[in-house]
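Structure at a glance
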Amino acid sequence: MQPLAIHNKSNGYITDSSGPEEKHTKPFAEYSILAPEPALTIPKLSRRLNRLVQLASDFNIIWDIGCDHGKAGMALAINNVSREVHCIDCSKHVIARLQSLQLPTNLTATCVDAATVKIHNCKDELVILAGMGSHTANKIIDGILAETGDYQASFLISIHRNHDDTVAHLAGRYGFNTTQYSEIEEKKYTYRFDLMSPQ
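We now turn to the structure provided with this report. Everything numeric here is computed off the predicted structure, so don't read it as measured data.

Scoring rules and cut-offs
- Residues numbered from 1 in each chain as written.
- Predicted model: local features only at pLDDT ≥ 70, side-chain atom pairs only at ≥ 80, totals over all residues.
- Heavy atoms only, no water.
- Helix = DSSP H or I, 4+ residues; strand = E, 2+ residues; numbered from the N terminus.
- Contact = heavy atoms within 4.5 Å.
- Areas by Shrake-Rupley, 256 points an atom, 1.4 Å probe, with all protein chains shown as cover.
- Phe/Tyr/Trp six-rings, centres within 6.5 Å; stacked < 30°, edge-to-face > 60°.
- Buried < 20%, exposed > 50% of the residue type's maximum accessible area, 1.4 Å probe, protein only.
- Core = buried A, V, L, I, M, F, W, Y, C linked by side-chain atoms within 4.5 Å.
- Disulfide = S-S within 2.5 Å.
- Pairing = 2+ DSSP bridges.

Before going further, it helps to spend a moment on the overall build of the protein. Counting its regular elements, the protein contains 5 helices and 9 strands. The order of α-helices and β-strands along the protein, N terminus first, is β-β-α-β-α-β-α-β-β-α-β-α-β-β. Within the protein, contacts between residues separated by at least 24 positions form 58% of all contacts whose residues are at least 6 apart in sequence. Element-wise, carbon and sulfur atoms account for 51% of the exposed surface of the protein, whose accessible area totals about 11,600 Å².

Here it is, written out as structure tokens:
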């Protein structure tokens, strides 16, 4: 680490604080001082997103599929810097907007067809499917799990339309069980959450 440089008012030059005074060739005014980058702040979350983040908090690898604004992913990444968070969306505009922000170093934002995502398939891994219809969610599940045997990762399901259809799809075709269920009301709408893990 470099020794701290301080301003000696008596001569207007930089002084090395770790040893004898040394008169540098440039006056203090010509030195630029780099301020530390501002700390990342957790974005304000709705009740629905807060519940999503709470249910996902026990996992170390998280795929936020159809991430939209990325607030949930950002909150999960900032809350735990050792966590690996991937925000996925098929919209180039959504991902470009997200990539333009100051993002945590443990978060990636990628524009890709979610059904082609290759997960690690480990026990501390979670795939979030929220804010989409069941038909889309079911196609994504089939794509992700198509070449995956001995399922290890969990899924967090919160579907706007036909929620039960996706829960039944993941349970019936792939043998997942709901390990935690939750629901909340926000703006006169009931949101349901099924955290599902392989048997």
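From this point, the discussion proceeds with the structure in view.
Turning next to the packing of aromatic side chains. Applying the stated rule across the entire model yields 4 aromatic pairs. A centroid spacing of 5.9 Å and a plane angle of 40° characterise the contact between Tyr151 and Phe176, whose relative ring orientation is tilted. Here Phe176 lies in strand β8 (residues 176-186) and Tyr151 lies in the loop between α4 (134-145) and β7 (154-158), a separation of 25 residues in the sequence. Tyr151 sits in the partly exposed class, given a relative accessible area of 24%. Phe176 sits in the buried class, given a relative accessible area of 1%. Relative to Tyr191, the ring of Tyr189 lies with its centre 4.8 Å away and its plane at 55°, an arrangement referred to as tilted. Residue class for Tyr189 comes out partly exposed when judged on its relative accessible area of 34%.

With that settled, the discussion passes to the nonpolar core. Judged by nonpolar contacts, the single largest core of 28 residues is most densely connected at Leu52, Ile62, Leu76, Leu126, Ile128, Leu156 and Phe193. Breaking this core down by element, the ones donating at least two residues are α1 (47-56), α2 (71-79), β4 (84-89), α3 (92-99), β5 (107-111), β6 (125-130) and β9 (189-198). Setting aside residues up to four positions removed in sequence, Leu156 forms contacts with Leu52, Leu55, Ala56, Leu126, Val127, Ile128, Leu129, Phe193, Asp194 and Leu195. Ala114, Leu145, Ile157 and Leu170 belong to the second-largest nonpolar core, a separate cluster that totals 24 residues.

The subject of this paragraph is the state of the cysteines. Under the defined criterion, the tally for this structure stands at 0 disulfides. Looking at the unpaired Cys67, the closest cysteine sulfur is the one in Cys87, lying at 4.5 Å. A relative accessible area of 5% places Cys67 in the buried class.

This part covers the environment of Met196. Structurally, the position occupied by Met196 is in strand β9. Placed 70 residues apart in sequence, Met196 and Leu126 show a C-alpha to C-alpha distance of 9.4 Å. Among all residues touching Met196, those that are not within four sequence positions of it are Ser154, Phe155, Ile157, Val167, Leu170, Ala171, Phe176, Asn177, Thr178 and Thr179.

A separate point is the pairing of β9. In the case of a regular strand, side chains alternate between the two sheet surfaces. In terms of strand pairing, β7 meets β9 through 3 bridges, oriented antiparallel. The residue of β9 that forms the bridge with Ile157 is Asp194. Examined bridge by bridge, β8 and β9 share 10 bridges and lie antiparallel to one another. When the bridges of β9 are listed, Glu186 appears paired with Tyr189. In this antiparallel pair of consecutive strands, β8 and β9, the connection spans 2 residues, and Lys187 shows a positive phi of 55°.

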